[in-house]
Amino acid sequence: MNEALDRITIVTGDITRPRKDQQWAVDAIVNAANESLRGGGGVDGAIHRAAGPRLLAHNAKLGGCRTGLAKITPAFDLEARGIHHIIHTVGPIWHADDDEIDAKLGDVREDVLLASCYTRSLELAAEHDCQCVAFPAISTGVYGFPKQRAAQIAVSHVLGFLATHDRPQRVVFCCFDEADAGIYCEVIETRDQWMLNRKRLG
Ligand code: ADP
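Residues numbered from 1 in each chain as written. Predicted model: local features only at pLDDT ≥ 70, side-chain atom pairs only at ≥ 80, totals over all residues. Heavy atoms only, no water.

Novice: A description of the packing of aromatic side chains should follow, citing residues and the corresponding values.
Specialist: On inspection of all chains with the given rule, the structure shows three aromatic pairs. The interplanar angle of 35 degrees and the centroid separation of 4.8 Å between the aromatic rings of Y118 and F135 together place this pair among those described as tilted. Of this pair, Y118 sits in helix 4 (residues 100-127) while F135 sits in strand 5 (residues 132-135), placing them 17 residues apart in sequence. Accessibility expressed as a relative area gives 1% for Y118, which makes it buried. (Phe/Tyr/Trp six-rings, centres within 6.5 Å; stacked < 30°, edge-to-face > 60°. Helix = DSSP H or I, 4+ residues; strand = E, 2+ residues; numbered from the N terminus. Buried < 20%, exposed > 50% of the residue type's maximum accessible area, 1.4 Å probe, protein only.)

Novice: Pulling in residues and values, what's your account of the site of the ligand?
Specialist: Close contacts around the ligand come from 15 residues, with I15, V43, S139, T140 and G141 the closest. Within the backbone of V43, one N or O atom sits 2.8 Å away from an oxygen atom of the ligand. Note that an oxygen atom of the ligand is positioned 3.0 Å from one of the backbone N or O atoms of V142. Within the complex, the protein chains bury 90% of what would otherwise be the 560 Å² of accessible surface of the ligand. In terms of residues, the shell around the ligand owes the most to one element, helix 2 (residues 42-51), which gives three residues. Class assignment of the residues belonging to the shell around the ligand gives a composition of eight nonpolar, five polar and two charged. (Near = heavy atom within 4 Å. Polar contact = N/O pair within 3.5 Å; in protein donor to acceptor, adjacent residues only side chain to side chain. Areas by Shrake-Rupley, 256 points an atom, 1.4 Å probe, with all protein chains shown as cover. Nonpolar A, V, L, I, M, F, W, Y, C, P; charged D, E, K, R; others polar.)

Novice: Can you break down helix 5 (residues 147-164) residue by residue, with the values?
Specialist: Between its first and last C-alpha, helix 5 extends 26 Å over 18 residues, near the 26 Å set by a 1.5 Å rise per residue. For helix 5, the full list of buried residues reads A150, A151, I153, A154, V155, V158, L159, F161 and L162. (Expected span 1.5 Å × (residues − 1).)

Novice: Mind laying out the pattern of salt bridges, listing which residues take part and the relevant values?
Specialist: Counted under the stated rule, the structure contains four salt bridges. Note that R167 and D129 form a salt bridge whose closest N and O atoms lie 2.9 Å from each other. A residue pair is termed long-range when its members are at least 10 positions apart, and R167 in the loop between helix 5 and strand 6 (170-175) and D129 in the loop between helix 4 and strand 5 qualify at 38 residues. Residues D180 and K147 are paired through a salt bridge, measuring 2.9 Å at the closest nitrogen-oxygen approach. Within this pair, whereas D180 is found in helix 6 (residues 178-201), its partner K147 is found in helix 5, the two being separated by 33 residues in sequence. Residue K147 is classed as partly exposed on the basis of its relative accessible area of 35%. (Salt bridge = Lys/Arg side-chain N within 4 Å of Asp/Glu carboxyl O.)

Novice: Quick one: what's the story with the nonpolar core, residue by residue and with numbers?
Specialist: The biggest cluster of nonpolar side chains holds 38 residues, and the ones touching the most others in it are I8, Y118, F135, V158, F173 and Y184. Elements supplying a minimum of two residues to this core: helix 1 (3-6), strand 2 (28-33), strand 3 (70-74), helix 4, strand 5, helix 5, strand 6 and helix 6. Per-element accounting of this core gives the leading share, nine residues, to helix 5. Apart from the residues lying within four places of it in its own chain, the contact partners of I8 are V158, L159, L162, R170, V171, F173 and I188. Among the nonpolar cores identified, the runner-up in size contains 18 residues, and L55, F76, V172 and C174 belong to it. (Core = buried A, V, L, I, M, F, W, Y, C linked by side-chain atoms within 4.5 Å. Contact = heavy atoms within 4.5 Å.)

Such coordinate-based values are descriptive only and should not be taken to indicate function.
Written out as structure tokens, the structure is:
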């Protein structure tokens, strides 16, 4: 069917502990960081704990990272788990607003910034010849981005990138729980069905 679609996988678990039973190894993971790049809670905290204090020392020299952009670092202690790179990207904070117009403009801006996180991270992965990159659900934790909307952006921008690039060969959406994985599956199934219908029509 769709070749790009065959190159993505949804898993449930801790992104710092890629499963060993997969045929392909995750060699880069994406961190949902904050602009300081000095660690925080959620997946950022888990990655800093697993990578060890050298990551913080390294990031302290990077001068931070703006929302929607990404920076790549070594994986430090995560090398022991086969991970060579950490790609730190800063997702947008979701701002719900009472004013309808402001809220809509805010939504669009946040959509664009989230899409940019995926694209910029994949560009870095391709530049560094990463084979397989795992993404958490960027911005959907404390940053409050609606989960389904975020999954739609993630899937469509990752598929768009894979359709025009050989690297990375694979992308893993690493969901923290089954409910989040269900959202990704639904988004992909709906898209898949849409593509099938389009093929039939075309
Ligand atoms: P953000 O600040 O971008 O919202 P969070 O870390 O709060 O980042 O949450 C982003 C997503 O990462 C959430 O879906 C959360 O459940 C998930 N998450 C938290 N810890 C981990 C982990 N160790 N592995 C994978 N996903 C995680």
